[in-house]
Amino acid sequence: MSEVLIVGGGFAGVWSAAAAARVRGDSDLRITLVAPNEDMVLRPRLHKLDPEWSRVALKRVLEPIGVTHLRAEVTGIDVAGSTVTAGDRSIGYDRLVLAAGSRLVRATLPGAEHLFDIDTADGVARLNAHLGNRVGFTAVVIGSGFTGLEIATELAARGRVILLERADVVAPELGPGPRPVITAALAELGVEVRLEASAASVTGRGVVLTDGSEVQADAVIWTAGMRAHPMTEQIPAERDRLGRLEVDRHLRVAGDVFAAGDVAAALVDADHHGVQSCQFATPMGKVAGHNAAADLLGLPLVEFAPDPYVTCLDLGAAGAVFTTGWDRAVALTGQQAKELKGTILEVIHPPLDDADEILAQAGRQSNEVAG
Ligand SMILES: Cc1cc2nc3c(=O)[nH]c(=O)nc-3n(C[C@H](O)[C@H](O)[C@H](O)COP(=O)(O)OP(=O)(O)OC[C@H]3O[C@@H](n4cnc5c(N)ncnc54)[C@H](O)[C@@H]3O)c2cc1C
């Protein structure tokens, strides 16, 4: 009996499992997904600060399609021996799909233990426990990237929000296209933006900036930077500046190892690699899972061919902004973009309990949201 082993139970891992199950047919291929958590976490929902709404019970997706979920944390990968280590267990594989996702780059500031984050459902639960049902608090958000903007604009409905950005423009990585819409939304919501401002240390009372000034706050939320899971370093292959493994058009790293989602750097056109997002992690998972199983069964492999790149940034009560293309040209703003964001947050939820629907969706690479 052959074994496809998938490490990770997020968008990429779950859809890898479903795509492999779709290819398996009547063969005796065994598919196992290893992840420590009972739930898949829909991280794009986390800025809404409702951890339960962000969780999906893995068993309701995996059990109907005959995929075994092994609840364990993988600690080592031995590519030469075709095994992974999870605690004191050694698990063999015939094809491996690495889908262990990404993590927020932790701050190394003095007092970093006082920081909050919304990177995980546990992080959100900790922030919620701290803020309770309070309104009128002061929150400092560090970083004005995608996550920083979404949590800053969300919290603005409940309190005073100060957004710190070390660059001289807001949203430096989103480029000039959506910036006027973002700046207007922050002004409309009363979010105080401090540019060229870096945190030097954090205390239980707020944050001290590198210019020596202190900003008092009830909560300081760190959002700066995401990096591929460090497990990628155990695979002898090229990695990019985000720690992602270079993969070919079939999402193969080398030999028996495939990678998908935030751990993989895949070309999506001649000039661009995909970005760490569920928009790419979902179709990557489907392609990697399909190919891992097809490779074992002697069936044709498929190429990664995702939908064109788009972004949809939630701006709280000020709506949202939807952009298309790598220059992020603004296509929708305000309530129209907000409605699209709502649709995206719904459709990222996988079907539950229904094998036919799960397997049918696993066969479609397109996210079918913004088309
Ligand atoms: C706050 C926030 C908002 C976001 N908003 C958007 C958005 O609006 N649009 C968008 O497209 N993207 C968004 N993203 C990014 C998106 O969530 C990620 O790109 C996506 O989750 C990547 O999917 P993945 O399956 O690769 O990894 P993850 O979703 O990170 O899943 C990784 C899985 O691997 C498991 N795992 C980790 N370590 C191990 C181990 N050692 N052994 C076994 N399993 C392990 C984890 O438990 C988890 O199940 C957002 C992310 C955050 C944090």
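As the structure is a computational prediction, the values presented were derived from the model and not from experiment. (Residues numbered from 1 in each chain as written. Predicted model: local features only at pLDDT ≥ 70, side-chain atom pairs only at ≥ 80, totals over all residues. Heavy atoms only, no water.)

**Structural notes on the packing of helix α1 (residues 11-24) against helix α8 (residues 355-362)**
We apply this condition: Axis lines are fitted to C-alpha atoms, over the contacting stretch for helices. Their N-to-C directions set the angle, which ranges from 0 to 180 degrees. Runs of H or I in DSSP of at least four residues are treated as helices and runs of E of at least two as strands, each being numbered from the N terminus. By the definition adopted for this analysis, an angle is roughly parallel if under 35 degrees, roughly antiparallel if over 145, roughly perpendicular if from 65 to 115, and oblique otherwise. Should any heavy atoms of two residues lie within 4.5 Å, those residues are considered in contact. In this classification, the charged set is Asp, Glu, Lys and Arg, the nonpolar set is Ala, Val, Leu, Ile, Met, Phe, Trp, Tyr, Cys and Pro, and all remaining amino acids, among them Gly, are polar.
At a minimum axis distance of 8 Å, the contact between α1 and α8 shows a crossing angle of 100 degrees. With respect to each other, α1 and α8 are oriented roughly perpendicular. Judged by residue contacts, W15, A18, A19, A21 and R22 of α1 engage I358, L359, Q361 and A362 from α8. Here the residues of the contact of α1 with α8 sort into seven nonpolar, one polar and one charged.

**Here we look at the site of the ligand**
Rule in force here: If a single non-hydrogen atom of a residue is within 4 Å of a molecule or strand, that residue counts as near it. Any pair of nitrogen or oxygen atoms within 3.5 Å is treated as a polar contact; in protein, a donor-acceptor pairing is required on top of that, and neighbouring residues in sequence qualify only through side-chain atoms on both sides. In these tables, accessible area is a Shrake-Rupley quantity obtained with a 1.4 Å probe, and a residue counts as shielded only by the protein chains included in the view. Domain extents, as shown, originate in an automatic or database domain assignment.
In the vicinity of the ligand, 33 residues are found, and the nearest of them are A12, N37, R43, V74 and D262. Contact distances for the ligand include 3.1 Å between a nitrogen atom and a side-chain N or O atom of H229. Interatomic distance of 2.8 Å between a backbone N/O atom of D262 and an oxygen atom of the ligand. In the complex, 90% of the free accessible area of the ligand, which totals 990 Å², lies under the protein chains. Elements represented by at least two residues in the shell around the ligand include exactly α1, α4 (146-155) and α6 (278-297). At three residues, the largest contribution of residues to the shell around the ligand is made by α6. Taken together, the residues of the shell around the ligand sort by class into 16 nonpolar, twelve polar and five charged. Taken together, domain 1 (3-103 + 226-307) and domain 2 (106-222) each give at least three residues to the shell around the ligand, which thus spans both.

**Re the UniProt feature "domain: FAD/NAD(P)-binding" (unreviewed entry) in the protein**
This is how it is decided: UniProt positions are given in the numbering used here, feature names are shortened, and annotations may be inferred rather than shown by experiment.
Annotation from UniProt places "domain: FAD/NAD(P)-binding" (unreviewed entry) at residues 3-285. Along residues 3-285, the helical share is 20% and the strand share 30%, with 17 Å between the first and last C-alpha atoms.

**Notes on α6**
Applied cut-off: An expected span of 1.5 Å times one less than the residue number is assigned to each helix. Burial status follows relative accessibility: with a 1.4 Å probe on protein chains alone, a residue under 20% of its type maximum counts as buried, one over 50% as exposed, and anything between as partly exposed.
Given a rise of 1.5 Å per residue, 20 residues ought to cover 28 Å, and the 28 Å separating the end C-alpha atoms of α6 matches this to within 8%. Summarising burial for α6: 17 of the 20 residues are buried, a large majority.

**Some remarks on unusual backbone geometry**
Unlike most non-glycine residues, A171 shows phi in positive territory, near 50 degrees. Along the chain, the position of A171 falls in the loop between β12 (159-165) and α5 (179-189). Its relative accessible area of 0% is what places A171 among the buried residues. Of note in the backbone geometry, R328 takes a positive phi value of approximately 50 degrees without being a glycine. When you line up the elements, R328 lands in the loop between β24 (320-324) and β25 (329-333). Classification of R328 by relative accessible area gives buried; the value is 13%.

**Topic: the domain arrangement of the protein**
For clarity, the cut-off: Two parts placed together each lose some accessible area under a 1.4 Å probe, and adding up what both lose gives the buried area.
Split by domain assignment, the protein resolves into domain 1 (3-103 + 226-307) and domain 2 (106-222). On a C-alpha basis, the centroid separation for the pair domain 1 and domain 2 is 31 Å. Contact with domain 1, which involves eleven residues of that partner, is made by 14 residues of domain 2. Surface buried jointly by domain 1 and domain 2 totals about 1000 Å² across both partners, of which 61% is contributed by carbon and sulfur atoms. Three residues, L46, H47 and L49, lead the burial of domain 1 against domain 2; their summed loss comes to 61% of the area buried on that side.

**Digging into the packing of α1 against α6**
Counted only if it meets this: Helix crossings fall into two classes, left-handed where the near helix is turned counterclockwise from the far one by less than a right angle and right-handed where it is turned clockwise.
Taken N-terminus to C-terminus, the directions of α1 and α6 make an angle of 35 degrees; their axes are 7 Å apart at the nearest point. Viewed along their axes, α1 and α6 form a crossing whose handedness is right-handed. Residues F11, A12, W15, S16, A19, A20, R22, V23 and R24 of α1 form the contact with α6, whose participating residues are C278, A281, T282, G285, K286, A288, G289, H290, A293, A294 and L297. Split into classes, the residues belonging to the contact of α1 with α6 amount to twelve nonpolar, five polar and three charged.

**Comments concerning the sheet that holds strand β17 (residues 219-222)**
Rules: Note on pairing: two strands pair once DSSP finds at least 2 bridges between them.
Reading across from one edge, β13-β12-β11-β17 is the order of the four strands in this open sheet, with parallel pairing throughout. Edge positions in the sheet fall to β13 (192-195) and β17, since each has one partner strand and no second. In this sheet, adjacent strand axes meet at a mean angle of 20 degrees when their direction is disregarded. Direction of pairing for strand β11 (residues 137-142) relative to β12: parallel, over a ladder of six bridges. By the bridge assignment for β12, V140 is matched with I162. On top of the sheet, α4 reaches β11, β12 and β17; it is set at about 160 degrees to β12, its chief contact.

**Description of α8**
Cut-off, in case you're wondering: It is the directions from the helix axis to the C-beta atoms that the arc portrays.
For α8, the complete set of buried residues consists of I358, Q361 and A362. The buried residues of α8 occupy an angular sector of 105 degrees when the element is viewed end-on, so they sit on one face. Against α1, α2 (59-62) and α6 lie the buried residues of α8. Its side-chain oxygen at 3.2 Å from the backbone nitrogen of D356, D354 defines the N-terminal cap of α8.

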